[in-house]
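# A structural walkthrough
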Amino acid sequence: MPPGITTLAADAPELSAANTGFMLICSALVMLMTPGLAFFYGGMVRVKSTLNMLMMSFISLGIVTILWVLYGFSLAFGTDVGSVIGWSSDFVGLSGIGVTELWDGYTIPTYVFAVFQLMFAVLTPALISGALADRVKFTSWALFITLWVTVVYFPVAHWVWGAGGWLYELGVIDFAGGTAVHINAGAAALGVILVIGKRVGFKKDPMRPHSLPLVMLGAALLWFGWFGFNAGSWLGNDDGVGAVMFVNTQVATGAAVLGWLAYEKIRHGSFTTLGAASGAVAGLVAITPAGGSVSPLGAIAVGVIAGVLCAMAVGLKYKLGYDDSLDVVGVHLVGGVIGSLLVGFFATGGVQSDAKGLFYGGGLDQLGKQAVGVFAVLAYSLVVSAVLAFILDRTIGMRVSEDDEISGIDQVEHAETAYDFSGAGGGSAPRTSAPATGTAAAPTNKKVDA
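Residues numbered from 1 in each chain as written. Predicted model: local features only at pLDDT ≥ 70, side-chain atom pairs only at ≥ 80, totals over all residues. Heavy atoms only, no water.

### Focus on the pattern of salt bridges
- Applying the stated criterion across every chain, the model contains 6 salt bridges.
- For Asp 134, the salt bridge goes to Arg 46, with nearest N and O atoms at 3.1 Å. Of this pair, Asp 134 sits in the loop between α3 (110-128) and α4 (138-161) while Arg 46 sits in the loop between α1 (17-44) and α2 (50-77), and the two are 88 residues apart along the sequence.
- Taking the relative accessible area as the measure of exposure, Asp 134 reaches 4% and is therefore buried.
- Several salt bridges converge on common partners, so that one network encompasses Arg 46, Asp 134, Arg 199 and Asp 323. (Salt bridge = Lys/Arg side-chain N within 4 Å of Asp/Glu carboxyl O. Helix = DSSP H or I, 4+ residues; strand = E, 2+ residues; numbered from the N terminus. Buried < 20%, exposed > 50% of the residue type's maximum accessible area, 1.4 Å probe, protein only.)

Spelled out as structure tokens, the structure:
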């Protein structure tokens, strides 16, 4: 929903069944990204934190949905107030919207636009959760989401996408959420972890992912859902821009996987599945703001640059000493910054708008606008998120106790465990004949370490 969009019909548009159906499908795809993220994050943590990681994403589906209906849609996309927030009483409770009322200038119902944007609002705070793995009280996290979307996400969404929002009016291009979603979430993650501190055993214990297949499944679901996230953000399918975005999403993601793996092989000597999954997410993040502005060749450049630089960035936490558990800062913040700024270099002026980047004769004008958008959102989200975390930490407390963190947050916060190992260490296995080669059969009652 960037500046420079042309309406789908010059005068009074009529409802398009094709565009409406397309957008409903895209909304469902974006919804799928939140469970996909839960699996992605859930596989990256240790066994004792798996359920908590899943729940930190799933709870956003409940909390943000209700807040969006009550007042979030109005704050984000209501009539502009001072270029910083929106408000329309008809949007409160979605009570004043007609069934066939169209979103202004488009051929889809307002209800469809509202539900599509709702899925973005749900996903964004869930992204933050990966930085806080193993150590945050679930009640505090739920309250943090409530406060954060109200004072950070809804206003920033208005700045970037709302008619009259100051970044929208400035001409900042963010096709589907490089600033409003990924920089916003990544900066928030950094702000919170600076307040709540490191996990017990950070830089001492290995803290390896407990299920790389689960990580790969989550990455695949994210990649699949991202086509709705990106291509749907044009709000229609009449002029080919959404198709370009769809292609660029695939191209940049593939390039980022290759870029991350190449860096990993050179730097560490191996191609890892975790690197492939992380590279895919980095490419998806980076192309999100840029995909409606660049050519497929530009998308390759965006993907490779993001794959390499995000792979480099995830190691910063060890050098700088902040504990970003699942690399939200390294992938989402850095990837969002890269993709948003590269618009200023690779925008062709021939897709979503006539804005051109430096490499296409546009000079530094668009790059300057992109930089303003990037650093305004980064600074606002970082500071406000840190303040919210500080207030919660000093009142109800953000962290579980050290003993609870060591024993496992799943059992403490949810009274459950992700896997049942009760049958794994039973009696001796029945004796079997040795294989024909003469080697002994491997024992089947090996102890399982959770």
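That was the structure; now back to the text.
### As for unusual backbone geometry
- Even without being glycine, Ser 83 reaches a positive phi, approximately 70°.
- Locating Ser 83 in the fold gives a position in the loop between β1 (80-81) and β2 (85-86).
- Here the phi dihedral of Leu 235 falls at roughly 65°; this positive angle occurs in a residue that is not glycine.
- What makes Leu 235 buried here is its relative accessible area of 1%.

### Quick notes on the packing of α1 against helix α7 (residues 212-231)
- Packing of α1 against α7 leaves a shortest axis separation of 7 Å and a crossing angle of 155°. Taken together, α1 and α7 sit at an angle that is classed as roughly antiparallel. Along this stretch, α1 crosses α7, giving a crossing that reads as left-handed. (Axes fitted to C-alpha atoms, helices over the stretch in contact; angles between N-to-C directions. Parallel < 35°, antiparallel > 145°, perpendicular 65-115°, else oblique. Left-handed = near helix turned anticlockwise from the far one by under 90°.)

### What about helix α13 (residues 365-395)?
- Look at α13: 46 Å from first C-alpha to last across 31 residues, which is about the 45 Å you get at 1.5 Å a residue.
- In the segment just after α13, Gly 397 is the residue with positive phi, at about 85°. (Expected span 1.5 Å × (residues − 1).)

### Some points on the packing of helix α12 (residues 328-346) against α13
- One way to put it is that α12 packs onto α13 with a least axis distance of 7 Å and a crossing angle of 160°. Looking at the two axes, α12 sits roughly antiparallel to α13. Crossing handedness for the pair α12 and α13: right-handed. From α12, Leu 333, Val 337, Ser 340, Leu 341, Val 343, Gly 344 and Phe 345 reach across to α13, where they touch Gln 366, Leu 367, Gln 370, Ala 371, Val 374 and Leu 378.
- Taken together, the residues of the contact of α12 with α13 sort by class into 9 nonpolar, 4 polar and no charged. (Contact = heavy atoms within 4.5 Å. Nonpolar A, V, L, I, M, F, W, Y, C, P; charged D, E, K, R; others polar.)

### Digging into α3
- Taking 1.5 Å per residue as the helical rise, α3 with its 19 residues ought to reach 27 Å, and the 29 Å between its terminal C-alpha atoms agrees with that figure.
- Of all 19 residues that make up α3, 17 are buried, and the element is covered over most of its length.

### Observations regarding the nonpolar core
- Formed by 122 residues in total, the largest nonpolar core has its most connected members in Phe 73 and Leu 132.
- Of the residues forming this core, the biggest block, 15 residues, is contributed by α4.
- In this structure, Leu 132 is in contact with Met 56, Trp 141, Val 192, Ile 193, Ile 196 and Ser 325, ignoring residues within four places of it in sequence. (Core = buried A, V, L, I, M, F, W, Y, C linked by side-chain atoms within 4.5 Å.)

### Some words on a nonpolar patch on the surface
- There is a patch of nonpolar side chains on the surface, built from Val 84, Trp 166, Leu 170 and Val 372 and spanning about 290 Å² of accessible area.
- Along the chain, Val 84 turns up in the loop between β1 and β2.
- Judged by relative accessible area, which is 40%, Val 84 ranks as partly exposed. (Patch = residues over 30% accessible without salt bridge, like charges linked within 9 Å, V, L, I, M, F, W, Y side chains within 5 Å. Areas by Shrake-Rupley, 256 points an atom, 1.4 Å probe, with all protein chains shown as cover.)

### Quick word on the environment of Trp 223
- Along the chain, Trp 223 falls in helix α7.
- As a C-alpha pair, Trp 223 and Ala 76 span 147 residues in sequence and 26 Å in three-dimensional space.
- Those residues in contact with Trp 223 that lie beyond four places of it in its chain are Gln 250, Thr 253, Gly 254, Val 257, Ala 280 and Leu 284.
- Within polar-contact distance, the side chain of Trp 223 engages the side chain of Gln 250 at 3.1 Å. (Polar contact = N/O pair within 3.5 Å; in protein donor to acceptor, adjacent residues only side chain to side chain.)

### Points about the environment of Tyr 106
- Within the element layout of this structure, Tyr 106 appears in the loop between β2 and α3.
- Under the relative-accessibility criterion, Tyr 106 is labelled buried at 9%.
- Residues Tyr 106 and Gly 236, spaced 130 residues apart in sequence, show a C-alpha to C-alpha distance of 7.8 Å.

### A short note on the packing of aromatic side chains
- Inspection of the entire model under this criterion finds 26 aromatic pairs.
- When the ring of Phe 40 is compared with that of Tyr 41, the centres are 6.0 Å apart and the planes differ by 35°; the resulting orientation is tilted. Across the pair, Tyr 41 and Phe 40 agree in class, each one buried.
- Counting every residue linked through ring pairs, the aromatic cluster contains Trp 68, Tyr 71, Phe 73, Phe 77, Phe 91, Trp 103, Phe 113, Tyr 153 and Phe 154. (Phe/Tyr/Trp six-rings, centres within 6.5 Å; stacked < 30°, edge-to-face > 60°.)

### Here's the deal with the side chain of Gln 352
- Within the secondary structure, Gln 352 sits in the loop between α12 and α13.
- Of note is the side chain of Gln 352, whose polar atom sits 3.3 Å from the side chain of Ser 293.

By themselves, these figures tell us nothing about what the structure is for.
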